[in-house]
Amino acid sequence: MAPPFFIGLFGGGPSGPPAAPTLTAPADNTEIYQGQVVTVAATTTDGDLDQLEWVIDPGTGGETVVASDASSPYSSSWVVPGSLATGAHTMVARAWRGGLYTDSAPIDLFHWSPALLTSLKLWLRADTGVTHVAGAVSAWAPKGGDSSTCTQGTEAAKPTYSDTSGPGGTRPGISFDAGDYLSGTMTGWSAGDSGSIVIVGKLTDTSNRAFIDLNDTNTTANRSLSVLSAGATTLYGRAANGSGTSDVIGTNVVTGAWKWWTFIHRTAQREIRQNGTLMSGTNPAVASRSILAPAHYRVGGLFGGTPLFGLLGSVSDVIATRAELTAGERTSLAGYMQHFWGIT
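Residues numbered from 1 in each chain as written. Predicted model: local features only at pLDDT ≥ 70, side-chain atom pairs only at ≥ 80, totals over all residues. Heavy atoms only, no water.

## Some details on the overall build of the protein
- In terms of regular secondary structure, the protein is built from two helices and 26 strands.
- Relative to a compact globule of 344 residues, whose C-alpha radius of gyration would be 20 Å, the protein shows 26 Å and is clearly more extended.
- Seen along its three principal axes, the alpha-carbon backbone of the protein occupies a region of about 100 × 45 × 35 Å.
- Residues classed as buried in the protein amount to 49% of the 344 residues present. (Helix = DSSP H or I, 4+ residues; strand = E, 2+ residues; numbered from the N terminus. Rg over C-alpha atoms; globule rule 2.2 N^0.38 Å. Buried < 20%, exposed > 50% of the residue type's maximum accessible area, 1.4 Å probe, protein only.)

Laid out in structure tokens, this is it:
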């Protein structure tokens, strides 16, 4: 039998489960977004770990290890995937030693996306639902909402899809040449409803151009809600009912750059924002205009032409809701735009 000295020398080291680590990043109750690079970090009083992991939804069928680190200081990063379900999640730091583990206290995370917007009617995003042949787009299916797929059957009027024509030159986008457009149908609106439109887009000239038209008819312009530009630096959010139009005007629009614009319509008050900020020139208190219930929508121009005010520019994201965006929703949209599209 070997002397006790050698038993101690070769059989030493801590045994049993490690001490519980402390999860230090991200913070509890953090809202996260697809594409976001989330820093994860933890501390421990136990100096002898095999590794430390960060785990989403521990103890459930969806438990997933999203990052790990084998040495102190324990930190890593995690890119939030599109496959992560929208809504509430938990995260723990998990310390391992000798096949045994101990979890930290959990924190709460919330994965937000436009799918959670109140009364969402339409959500188009260029990374999904696009049908094209050699770039010529014949259909764009919504990612969310209950509107139909927008389509184009005329070859010469099909916009162009590219994996790299969107924000930053690294994201997908759909480009329009002033004669291109896609049209679809909508349901569930009522006359006089509030509404909001969000566009991720780029204008490439200074003529009159329209990003989107929500309309009660597919033959006549200026019947519900639309977002269009006029001149070098002006963007209009337009509410109309066939008897007239009411415009809310934003100035200092930048052509040739990707932006996100928000048009919020209430019966007697409207506003338009660029990258989340109320635009210079906007006067929210404008003449009352109770809109007709939209039954059709067009991306790339207005109805009443082929198209009227055809867009010369690009679009990567289109959102329409049958409700005014709340302040909290605008804040969440800003986070989504920053982390998914890289626009601040």
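Read on for the rest.
## Thoughts on the confidence of the model for the protein
- Here the protein averages 92 in pLDDT, and 94% of its residues register 70 or above.
- Counted against residues more than four places away or in other chains, residues 1–11, with its pLDDT under 50, gives two contacts. (pLDDT = per-residue confidence, 0-100. Contact = heavy atoms within 4.5 Å.)

## Description of unusual backbone geometry
- A cis geometry characterises the amide bond from alanine 25 onward to proline 26, with omega recorded as 5°.
- Tracing the sequence through the fold places proline 26 in the loop between β1 (22–25) and β2 (30–32).
- Unlike most non-glycine residues, phenylalanine 309 shows phi in positive territory, near 55°.
- Within the fold, phenylalanine 309 resides in the loop between β25 (296–299) and β26 (312–321).
- Note on phenylalanine 309: relative accessible area 28%, which makes it partly exposed.

## Here's the deal with the side chain of arginine 270
- Along the chain, arginine 270 falls in strand β23 (residues 270–274).
- Buried arginine 270, no salt bridge; nearest opposite-charge side chain is aspartate 247, N-O distance 7.3 Å.
- Polar side-chain contacts of arginine 270 include one of 3.0 Å to the side chain of histidine 265.
- Side-chain polar atoms of arginine 270 contact the backbone oxygen of arginine 266, separated by 2.9 Å. (Lys, Arg positive; Asp, Glu negative; His and termini not counted. Salt bridge = Lys/Arg side-chain N within 4 Å of Asp/Glu carboxyl O. Polar contact = N/O pair within 3.5 Å; in protein donor to acceptor, adjacent residues only side chain to side chain.)

## What about the packing of aromatic side chains?
- With the rule as written, the count across this model stands at seven aromatic pairs.
- Aromatic pair tryptophan 123 and tyrosine 336: ring centres 6.4 Å apart, planes at 75°, arrangement edge-to-face. With a gap of 213 residues between them, tryptophan 123 in strand β10 (residues 120–125) and tyrosine 336 in helix α2 (residues 327–341) connect regions that are remote in the sequence.
- Residue classification places tyrosine 336 among the buried residues on the basis of a relative accessible area of 1%.
- Ring pairs connect the aromatic residues Tyr33, Trp112, Trp123, Tyr336, Phe340 and Trp341, which therefore count as one cluster.
- Sitting over the ring of phenylalanine 340, arginine 125 keeps its end group 3.9 Å from the ring centre. (Phe/Tyr/Trp six-rings, centres within 6.5 Å; stacked < 30°, edge-to-face > 60°. Lys NZ or Arg CZ within 6 Å of the ring centre and 35° of its normal.)

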